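Coordinate inspection notes
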Amino acid sequence: MAEEEETIRPEFPITRVKKIMKVDKDINKINSEALHLVTYSTELFLRFLAEKSSVVAAEKKRKTVNLDHLRTAVKRHQPTREFLLDSLPLPSAQPVRVTKTVSDKKPPPVGTRRIDAFFSKGKAKVDSP
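Anyway, here's the lowdown on the structure attached to this text. What you see is a predicted model; the values in this text were computed from it and never measured.

Quick notes on the pattern of salt bridges
Here the structure, examined in full by the defined rule, presents three salt bridges. E11 serves as the salt-bridge partner of R47, at 3.7 Å between the closest nitrogen and oxygen. Here the residue R47 occupies a position in helix α2 (residues 32-59), and E11 occupies one in the segment before α1 (14-21), the gap between them amounting to 36 residues. Classification of R47 by relative accessible area gives partly exposed; the value is 37%. One salt bridge in this structure joins E59 and R76, with 2.9 Å as the shortest N-O distance. Of the two residues, E59 is situated in helix α2 and R76 in helix α3 (residues 67-76); the sequence distance between them amounts to 17 residues. Each of E11, E43 and R47 takes part in a single network of salt bridges with overlapping partners.

Written out as structure tokens, the structure reads:
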């Protein structure tokens, strides 16, 4: 009896991986077998990084994986650390939040009036049209 070959279908879109590979100007043609191999190996690598990062997040009793967890997971794995650690962005000490001040707000459209004076405690004049 002949054995049936099981084809492995990667979860990543193959056409997107092909476009990313063609960004390199040295690559003119891509063999379909090589494309499948690169797509599947990329999927396995990202799965590996996600699993290792989730382990670090669980050790720190967090439910969400963040950049610090990913950097720690990469540091713990020697082959990955050698090529990937320099490419990861450095973590910032505090996340920067941008808050709008009164001067950053847009002026009201022409023909509109502010009604702050109406709601103030003292009586204020209200412009009549």
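Don't stop here, the text continues.
Quick notes on unusual backbone geometry
Here K61, not a glycine, exhibits a phi torsion of approximately 60°, which is positive. Residue placement: K61 occurs in the loop between α2 and α3.

Notes on the environment of T72
If you trace the backbone, T72 turns up in helix α3. The spacing of T72 and K52 is 20 residues in sequence and 8.9 Å in space, taken between C-alpha atoms.

Side note on the packing of α1 against α2
A pair of packed helices can be characterised by two numbers: the angle between their axes and the separation between those axes. Relative to each other, α1 and α2 sit at 100°, their axes nearing to 10 Å. One finds that α1 runs roughly perpendicular with respect to α2. Each of I14, V17, K18 and M21 in α1 lies in contact with α2, whose residues at this interface are L35, H36, V38 and T39. Of the residues that constitute the contact of α1 with α2, the class distribution is five nonpolar, two polar and one charged.

A short note on the environment of K60
With respect to the helices, strands and loops of the structure, K60 is situated in the loop between α2 and α3. On the accessibility criterion, K60 (45% relative accessible area) is partly exposed.

Examining the packing of aromatic side chains
Enumeration over the complete set of coordinates arrives at one aromatic pair. A ring pair is formed by F45 and F83, whose centres lie 5.9 Å apart and whose planes are at 40°; its orientation type is tilted. Of the two residues, F45 sits in helix α2 while F83 sits in helix α4 (residues 78-84), which places them 38 residues apart along the sequence. A residue is classified by how much of its surface remains accessible, and F83, at 52% relative accessible area, is exposed.

Looking at the side chain of H69
One can find H69 in helix α3. In this structure the side chain of H69 is engaged in a polar contact, spanning 3.5 Å, whose partner is the backbone oxygen of T64. Setting aside anything within four residues of it in sequence, one finds H69 in contact with S53, V56, A57, K60, R62 and T64.

What counts and how
Residues numbered from 1 in each chain as written. Predicted model: local features only at pLDDT ≥ 70, side-chain atom pairs only at ≥ 80, totals over all residues. Heavy atoms only, no water. Salt bridge = Lys/Arg side-chain N within 4 Å of Asp/Glu carboxyl O. Helix = DSSP H or I, 4+ residues; strand = E, 2+ residues; numbered from the N terminus. Buried < 20%, exposed > 50% of the residue type's maximum accessible area, 1.4 Å probe, protein only. Axes fitted to C-alpha atoms, helices over the stretch in contact; angles between N-to-C directions. Parallel < 35°, antiparallel > 145°, perpendicular 65-115°, else oblique. Contact = heavy atoms within 4.5 Å. Nonpolar A, V, L, I, M, F, W, Y, C, P; charged D, E, K, R; others polar. Phe/Tyr/Trp six-rings, centres within 6.5 Å; stacked < 30°, edge-to-face > 60°. Polar contact = N/O pair within 3.5 Å; in protein donor to acceptor, adjacent residues only side chain to side chain.

Shape descriptors only; they carry no functional weight alone.
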